[in-house]
Every structure is written in structure tokens, then in C-alpha cells.
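Architecture and fold: a report
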Amino acid sequence: MNQGVHLWHGDTGSLGLGTRRVLLELLKGPYVSGTQSPQLWAALIADEDLVRSRLHELFLDLVLDPVDEFAFTRKVVTHEIEVPVAVRSERLTFLDTAMLLVLRQMLLAAPGEQRVIVGQEDVYERLSIYRTGDELSFERNLNGSWNRMTNKLRVIHKSGEGRYEISRMVRFLIDEDRVKELIEVYERLGSDVDHVTNDEDPQNRVDDA
């Protein structure tokens, strides 16, 4: 893929067209999917070492799952130097985080399934224990979180009328330790919904290059 061909007059780059495009998509985020973008994925696999090297120059690591065909960037973790912040953080509301956990649980509850399809109402029903205030306001907040899952984080994709596929990428957004911690917090809050709000959750955010 890396042909080292100048793409326009005055171009001083050394990467081929496909490699440049996949590098750009990784920087834009949130991830590159082999299923959704097979050409970009092929370029990434062909020039993985070079892409990883270019990302390191920006203090970013390449995280690649060859089985589910996902790749994304995250800040380099090291104690050897002070690493500058190279990615934006997507702030999540309480309901955003709770919805991510529900989607993750529904995905993991179907091991071996190539595709996990759910209904929007099924997800909303599992989140109903966190309802505060009037039903209309709560539904509006749910719809806002659902739109962020669809358009910003891209962890759910439409799959027919009223049906949606959960992206396997949802597993990477929150690590195991964080999942356990959040579940404990949300179970406690779920039993005392008067103290639950849909304000930003100051403890949780995801990186968005």
C-alpha cells in the first residue's frame, strides 16, 4: 500500500493514498471497521507497522482487533516521559454510560453470535430504573443518549425496522475494571433513583481522536 508516490504537485508525503486515508480516519475516530470499510481495513493491515509508527509520532497507540476487525487510537501509556494529550474526550452523561453498559451486557449475553440484534425499546426498558422526573423528559434524555450511541460513538447500527445491531466495538469503550466499578455504582443508584440525574458523569468519558 505504501507506494511513496506524490499525490499532488508539491506533495512531500511518503505514504500511499490508501494508507493516508486510513491514518486520517483513525485520527478522526472513533474507529475503523473492517466490516464497514473493507478498503480502509486492507490498507491498515498492509501498512500496520508504518501506521503505528506515524501514530507514535503523535503520542498515540494503535489498538487493533484482528478477529472482530476494529482499530482505534488511544493515548500512549508510559512512565518514561510526560505524554501530552493527543485526543479529545467525549463527555458522557449518566444515561450515556448506563446505556453503554446495557449494550455491552446484551452483546456479551449472546456469545458465539455473529450479529446481536436488539430493539430500541428493549434497551430503554432496561434503563427505566433510572427514570427521574416526568416520563417525557426521561424519554427525551434517552433519545439523546441513543443518538450519541448511533452517530457519535457508532456502537449501534440500524438493521431493519425498529431493530439495531450492537457493534462489538462497545467492548473496547470501557475496560473490565471500570465496568465492575460502574455496575456497583449504578446498582446502588438504581435502588435510590431520587438521587440519579442525567447530568454529565464526571467519572466516565471515552477518548475520541
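As the structure is a prediction and not an experimental result, all values here were calculated from the model. (Residues numbered from 1 in each chain as written. Predicted model: local features only at pLDDT ≥ 70, side-chain atom pairs only at ≥ 80, totals over all residues. Heavy atoms only, no water.)

Looking now at the pattern of salt bridges. Once the charged atoms of two side chains with opposite charge are near each other, the side chains can pair. The tally for this structure, following the rule as stated, stands at nine salt bridges. With a closest N to O distance of 3.1 Å, E25 and K28 form a salt bridge. With a gap of three residues between them, E25 and K28 both fall in helix α1 (residues 17–28), about one helical turn apart. For R148, the salt bridge identified is with D96, shortest N-O distance 2.9 Å. Here R148, found in helix α6 (residues 135–152), pairs with D96, found in helix α4 (residues 94–108); they are 52 residues apart in sequence, far enough to count as distant. (Salt bridge = Lys/Arg side-chain N within 4 Å of Asp/Glu carboxyl O. Helix = DSSP H or I, 4+ residues; strand = E, 2+ residues; numbered from the N terminus.)

With that settled, the discussion passes to the packing of α1 against helix α3 (residues 48–56). In the contact formed by α1 and α3, the axes pass within 11 Å of each other and the chain directions differ by 45°. Comparing their axes, α3 and α1 come out oblique. For α1 against α3, the interelement crossing comes out right-handed. Counting all contacts with α1, which are made through T19, V22, L23, L26 and L27, the residues of α3 involved are V51, R54 and L55. Of the residues that constitute the contact of α1 with α3, the class distribution is six nonpolar, one polar and one charged. (Axes fitted to C-alpha atoms, helices over the stretch in contact; angles between N-to-C directions. Parallel < 35°, antiparallel > 145°, perpendicular 65-115°, else oblique. Left-handed = near helix turned anticlockwise from the far one by under 90°. Contact = heavy atoms within 4.5 Å. Nonpolar A, V, L, I, M, F, W, Y, C, P; charged D, E, K, R; others polar.)

Confidence in the prediction of the protein chain, expressed as mean pLDDT, is 83, and 79% of residues score 70 or more. At the level of individual helices and strands, the protein chain shows its lowest average pLDDT in strand β8 (residues 200–208), which scores 51, and its highest in helix α2 (residues 38–46), which scores 96. Counting interchain partners and residues more than four positions distant, the pLDDT-below-50 stretch residues 193–197 has nine contacts. (pLDDT = per-residue confidence, 0-100.)

A separate point is the sheet that holds strand β3 (residues 70–75). Judged by pairing direction, the sheet is antiparallel, and its three strands sit side by side in the order β1-β3-β2 without closing on themselves. A single partner strand is all that each edge strand has here, and the edge strands are β1 (32–33) and β2 (60–65). Pairing analysis gives six bridges linking β2 to β3, with the strands arranged antiparallel. Looking at β3, one finds that D65 is bridged to F70. The strands touched by α3 within the sheet are β2 and β3, with β2 carrying the most contacts at an inclination of about 145°. (Pairing = 2+ DSSP bridges.)

For the rest of this paragraph, the subject is a nonpolar patch on the surface. Nonpolar side chains collect at one region of the surface, where L7, W8 and L17 lie side by side and expose about 310 Å² of accessible area between them. One can find W8 in the segment before α1. (Patch = residues over 30% accessible without salt bridge, like charges linked within 9 Å, V, L, I, M, F, W, Y side chains within 5 Å. Areas by Shrake-Rupley, 256 points an atom, 1.4 Å probe, with all protein chains shown as cover.)

The subject of this paragraph is the sheet that holds strand β6 (residues 156–158). Strand pairing in a sheet takes place through backbone hydrogen bonds and is either antiparallel or parallel in direction. Spatial ordering of the open sheet is given by β5-β7-β6, a layout of three strands whose pairing is antiparallel. Strands with a single pairing partner mark the edges of an open sheet, and in this sheet they are β5 (117–119) and β6. Going from strand to strand, the sheet's axes swing by 40° on average, the running direction of each strand aside. Summarising the sheet, β5 and strand β7 (residues 163–166) pair through three bridges and their orientation is antiparallel. Counted as the bridge partner of I117 is E165 from β7.

Take the pairing of β7 next. Along β7, the buried face is formed by Y164 and I166; none of R163 and E165, which line the opposite face, is buried. The antiparallel hairpin formed by β6 and β7 contains four residues in its connecting segment, where G160 sits at a positive phi of about 100°. (Buried < 20%, exposed > 50% of the residue type's maximum accessible area, 1.4 Å probe, protein only.)

The next thing to look at is the nonpolar core. Counting 35 residues, the largest nonpolar core has M99, L100, L103 and V123 as its most contacted members. Residue contributions to this core peak at ten residues, all from α4. Look past the residues within four positions of M99 in its chain and what remains in contact with it is V123, Y124, L127, L142, S145, W146 and M149. Judged by nonpolar contacts, the second largest core, of 13 residues, contains V32, W41, L44 and V51. (Core = buried A, V, L, I, M, F, W, Y, C linked by side-chain atoms within 4.5 Å.)

Across two bridges, β1 lies against β3 in antiparallel orientation. If you follow V32 over to β3, its bridge partner there is A71. Linking β2 to β3, which pair antiparallel, is a turn of four residues; within it E69 sits at a positive phi near 60°.

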